[in-house]
Amino acid sequence: MNKPKISLFVFLSCVFATFVGNTQEQEKLLKLWYRKPASVWEEALPLGNAKTGAMVFGGIRVERYQLNDNTLWSGFPNPGNNPNGPRVLPQVRKAIFEGDYEKATSLWKQMQGPYSARYLPLGDLLLDFHRNDSLASFYQRDLDLDNAVSTVKYTYQGVSYTRESFISWPDKAMVIRITADKPGAITFDVALTSKLKYETKAKDDDYLILRGKAPKFVANRDYEPKQVVYDEANGEGMNFEVHVKVQTVGGKSLANNNSLRVSGANSVTLWLTEATSFNGFDKSPGLEGKDPAREATTCMNRVSKLNYEDVKSKHIADYTSLFHRVAINLGNDVEALKLPINERMLRLAKGKSDHALLALYYQYGRYLLIASSRPGSRPTNLQGIWNDHVQPPWGSNYTTNINTEMNYWLAENTNLSECHQPLFDFMKELAVNGAVTAKVNYAIDTGWVVHHNTDLWAKTSPPGGYDWDPKGMPRWSAWPMAGAWFCTHLWEHYLYTGDKKFLKEEAYPLMKGAASFMLAWLTEDPDSHYLVTNPSTSPENTIKIKGKEYQLSMASTMDMAIIRELFNACMHASDILQIDPNFKAKLTTAKAKLYPYHIGRYGQLQEWYQDWDDPQDKHRHISQLFGLYPGNQLSIGGTPKLAAAAKQSLLHRGDVSTGWSMAWKTNWWARLQDGNHAYKILKDALRYIDPKEEKEQMSGGGAYPNLFDAHPPFQIDGNFGATAGITEMLLQSHAGEIHLLPALPDAWPSGAIKGIKARGNFTVEIDWAQGDLTRALIHSTLGGTCRLRTSVPVKVLETTVAKVSVPNDLLIKPEELPIVENQQTSLQTLHVKETYVIDFPTEKGKTYTIVPL
Ligand code: FUC
């Protein structure tokens, strides 16, 4: 595309629009739209304000809103710590040091504890219009990412109906507005139901209340004797209420048994508020819970007095204040924009290009984060906040050996930093429980620990179901690394924002706690004398030695990489805050003794303590590449040998895998600056998965018609990971510099992105054509040096380029890492493009224009 040279303001208002032909098509750029109502959940469209979630089906006869609340989980605080630990751990360690991995595995099972609680569905709001689907015409339903409003439109017996729905964060309510182009045409019944224990009563002719109770226990395995247990005797379990109020213009509303009947209305507004008894991670929701009636009523009394248009405007203003920070254009195919999303996915699968679909998928990740994670909410779980099952896959919990972290990979670089906060708040709770787990399970008196899987109750103990469960596998339960990994998110938040108050008051105490635990957890390997983790897994993968499979060993590469990343972060934080020199000294000494990276006999980045890697292994987890991404240890420029070894490991594992695994691969290929490979995997990740066909869990990922990531089944991590990956293709800042277009694929010769963030709190806009940078704008929020890497030589219009000797302390350079190499092997070649680097000083609040020389 030949784009004329134009000013910033013209660019902002026009360029993002001029990629497509006419206004109608432009309007479709950010719309998920369809020609039929959803017949299954994975076709319905998600709305959310991080507290209330709804899946909108867009029905003609019956409209269904499947509802969730972010705090509606089974159970109650149940730490599940296992006092066997301090007795058994030395035996596990001894067995591992002696090479008896099988014995260690069976011993570890004595140290496991219960599974996490389950995230549960709240209920359904059903609007029964008593219509015949086949008599409707001009049907369309959509979700507009531009304003977070879902609209259903159709014509029925000569009347055109419109139904708008949204969930407001500022007003804490779901709002539905039904209009018709003829007066008196709106007649329907309103009902509220739930899959949990409930009763619905009409409080008034216009007011419906559902009161519900969650089970105190939901099983993890279908062979457990009790599956869903309610506590009739004592009342343990979450209480919840859903309130609906109907306002009609013309016509009337009457209570009709346990539902409402609206008839002959010109237009109708429905207000929905809801609440649970959740009263904190450490309080019984059944016995010490809040009164949900109070919250739902107060909220309803306030919101239902407001004017619909005002509430809608406030919702849109709130949502767009986050969403509109970033715009992306990867080029468009006008033909594709004429089609609904499901048809575009099938068209893409046939090899036709649809860059606008990828741009939409990108923005969908940002939409989903805004809708599921806002300050004050719980962090986004395995399904965000959207779940329709009482026994959802993996409990829809927080799975911590990749999934929860991946949910937040886009938070900083796509300029949604405040949406990261729920994870940080959660960590404060985990640190409380994790200190007890450290003590009870390991007799470690310092710091805190989190294992694989956690929940609303901030469970930190190892899961796996004790000794009784044959499927409670140490290959995932023996993993005390989640607290440390979470802490790297605190550090990244600081690197992006430069917020020293946050670093000092919120981040550092948590980071220090996780690092203190790790100092106590590390132990010296009597053979190599390095510090190692023992026991250790490489999440969920097994070691194959001479045809036998083992789950546990020591010093898996991921463990060591997470610890190295955390120690580094704490050491830098101690310098920046000028505190804790003694603790820093301990970390410095320990870090120098950490078991190093190994390059194995196939030139791969070794996954395990020994070179047991199998080049045929296609396991979805490739945890040994943590240091490449999301870690910042490996880079093409800083550690080329390790980067080449990482490439070999990626090639061995192949491209196709589960949804989240493919999203991780996109990020890795982006870090290896191979845009074409990253792009190929992105397209694989959009493979159309028909939700009506039964799919094996590990049968290869893709996306459902509503663009939810398919593991399969639905898991939201892949959506978030893909958005992070696309950003990483266009901008990187982990290696002490801002690299523009580091992994631009040939498929996107022209494009633009604005509003994304680089470490150092720079906001970046990039514009490119014919595969090269044409212009960038860099806004410096904090001032400081900007080191810029580009594929063409550039100049900065506002300043003369100068070499600056004091680098920006937020762009921390990766260190040289010790490596043990197999000398018999050759390494993969990295395709390093020619690049140019400049340093220039920036002033706080100023924007700099970068243009090719
Ligand atoms: C981990 C992964 C699975 C799945 C589950 C929720 O156990 O290995 O693929 O994503 O989490």
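If you're wondering where the values come from, they're calculated on a predicted model, not measured in any experiment.

## Let's talk about the pattern of salt bridges
So, point 1. Going through the model one piece at a time under the given rule, you end up with 47 salt bridges.
So, point 2. Measuring nitrogen to oxygen at the nearest pair gives 2.8 Å for the salt bridge that ties Lys548 to Glu102. Linking Lys548 in strand E23 (residues 548-550) with Glu102 in helix H4 (residues 101-108), this pair joins segments that are 446 residues apart in sequence.
So, point 3. Across the pair Asp318 and Arg374 runs a salt bridge, and its minimum N-O distance is 2.8 Å. With Asp318 in helix H6 (residues 308-323) and Arg374 in the loop between helix H9 (355-372) and helix H10 (403-407), the pair connects residues that are 56 residues apart, well separated along the chain.
So, point 4. Look at the salt bridges and you will find they share partners, linking Lys51, Asp69, Glu274 and Glu295 into a network.

## Some remarks on helix H17 (residues 581-592)
So, point 1. Across its 12 residues, H17 extends 17 Å between first and last C-alpha, which sits within 8% of the 16 Å expected from 1.5 Å per residue.
So, point 2. When we look at burial in H17, the residues that qualify are Phe583, Leu587, Ala590 and Lys591. Seen along its axis, H17 keeps its buried residues to an arc of 100°; they face one direction. Structural note: H17 exposes Pro581, Asn582, Thr589 and Ala592 on the side pointing more than 90 degrees away from its buried face.
So, point 3. Check the buried side of H17 and you find it contacts helix H15 (500-521), strand E21 (531-532) and helix H16 (557-577).

## What about the environment of Asn256?
So, point 1. Looking at the secondary structure, you find Asn256 in strand E16 (residues 252-256).
So, point 2. When its relative accessible area of 34% is taken as the criterion, Asn256 is described as partly exposed.

## Brief notes about the site of the ligand
So, point 1. Residues in contact with the ligand, as listed here, are Leu382, Trp394, Thr399, Asn403, Glu540, Arg620, His621, Trp660, His711 and Gln715.
So, point 2. Isolated, the ligand exposes 290 Å² of accessible area, and the fraction of that covered by the protein chains is 97%.
So, point 3. Grouping the amino acids of the shell around the ligand by side-chain chemistry returns three nonpolar, five polar and two charged.

## Focus on the packing of H9 against helix H21 (residues 717-730)
So, point 1. It is the contact of H9 with H21, at a shortest axis distance of 8 Å, that shows an interaxial angle of 125°. Considering their axes alone, H9 and H21 lie oblique with respect to each other. Crossing of H9 against H21: the hand is left-handed. Of the residues in H21, those touching H9 at Leu358, Tyr361, Tyr362, Tyr364, Gly365, Arg366, Leu368, Leu369 and Ser372 are Gly718, Asn719, Phe720, Ala722, Thr723, Ile726 and Thr727.

## Here we look at the sheet that holds strand E35 (residues 836-842)
So, point 1. Taken in spatial order, the four strands make up an open sheet running E27-E28-E32-E35, and their pairing is mixed. Of all the strands in the sheet, just strand E27 (731-732) and E35 have a single pairing partner and so form its edges.
So, point 2. Note that strand E28 (residues 738-740) and strand E32 (residues 784-790) share two bridges and pair parallel. By the bridge assignment, Ile738 is partnered in E32 with Leu788.

## Description of the packing of helix H19 (residues 659-671) against H21
So, point 1. Where H19 contacts H21, the two axes come as close as 8 Å, and the packing angle between them is 10°. If you check the angle between H19 and H21, you find them roughly parallel. Contacts between H19 and H21 involve Gly659, Trp660, Ala663, Thr666, Asn667, Ala670 and Arg671 from the first element and Asp717, Gly718, Gly721, Ala722, Ala724, Gly725, Glu728 and Met729 from the second.
So, point 2. Here the contact of H19 with H21 is built from residues that sort into six nonpolar, six polar and three charged.

## Regarding the nonpolar core
So, point 1. Ranked by size, the top nonpolar core spans 244 residues in total, and within it Leu125, Val190, Tyr367, Met511 and Trp748 carry the most contacts.
So, point 2. Ranked by residues supplied to this core, first place goes to H16 with 13 residues.
So, point 3. Apart from residues lying up to four places away in sequence, Trp748 is in contact with Leu330, His355, Leu358, Tyr679, Leu682, Ile726, Met729, Leu730 and Trp768.
So, point 4. In terms of nonpolar packing, the next biggest core, distinct from the first, is built from 11 residues, Val149, Ala173, Val175 and Met300 among them.

## Let's talk about the environment of Gly675
So, point 1. Of note, Gly675 is situated in helix H20 (residues 675-685).
So, point 2. The sequence separation of Gly675 and Ile726 amounts to 51 residues, and the corresponding C-alpha distance is 9.5 Å.
So, point 3. Not counting residues up to four positions away in its chain, the partners in contact with Gly675 are Met729, Ala743, Leu744 and Pro745.

## Description of H16
So, point 1. Under the 1.5 Å per step criterion, the end-to-end length of H16 is 30 Å for 21 residues, consistent within 8% with the ideal 30 Å.
So, point 2. Among the 21 residues in H16, 19 count as buried, and that is most of the element.
So, point 3. A positive backbone phi angle near 55° is found at Gln578, which sits one or two residues after H16.

## Examining the packing of aromatic side chains
So, point 1. One pass over the structure, following the stated rule, counts 35 aromatic pairs.
So, point 2. Centroid distance Trp485 to Trp664: 6.2 Å. Interplanar angle 35°. Geometry classified as tilted. Taken together, the residues Trp485 in helix H14 (residues 482-497) and Trp664 in helix H19 connect sequence positions 179 residues apart.
So, point 3. When the centroid spacing of 4.0 Å and the interplanar angle of 10° are considered together, the rings of Phe708 and Phe714 count as stacked.
So, point 4. A relative accessible area of 4% places Phe714 in the buried class.
So, point 5. Among the aromatic residues, those joined into a ring-pair cluster are Trp41, Tyr319, Phe323, Tyr364, Tyr367, Trp386, Phe708 and Phe714.
So, point 6. Here the basic side chain of Arg131 rests over the ring of Tyr156, its NZ or CZ set 5.3 Å away from the ring centre.

Definitions and limits used
Residues numbered from 1 in each chain as written. Predicted model: local features only at pLDDT ≥ 70, side-chain atom pairs only at ≥ 80, totals over all residues. Heavy atoms only, no water. Salt bridge = Lys/Arg side-chain N within 4 Å of Asp/Glu carboxyl O. Helix = DSSP H or I, 4+ residues; strand = E, 2+ residues; numbered from the N terminus. Expected span 1.5 Å × (residues − 1). Buried < 20%, exposed > 50% of the residue type's maximum accessible area, 1.4 Å probe, protein only. Arc of directions from axis to C-beta. Contact = heavy atoms within 4.5 Å. Near = heavy atom within 4 Å. Areas by Shrake-Rupley, 256 points an atom, 1.4 Å probe, with all protein chains shown as cover. Nonpolar A, V, L, I, M, F, W, Y, C, P; charged D, E, K, R; others polar. Axes fitted to C-alpha atoms, helices over the stretch in contact; angles between N-to-C directions. Parallel < 35°, antiparallel > 145°, perpendicular 65-115°, else oblique. Left-handed = near helix turned anticlockwise from the far one by under 90°. Pairing = 2+ DSSP bridges. Core = buried A, V, L, I, M, F, W, Y, C linked by side-chain atoms within 4.5 Å. Phe/Tyr/Trp six-rings, centres within 6.5 Å; stacked < 30°, edge-to-face > 60°. Lys NZ or Arg CZ within 6 Å of the ring centre and 35° of its normal.

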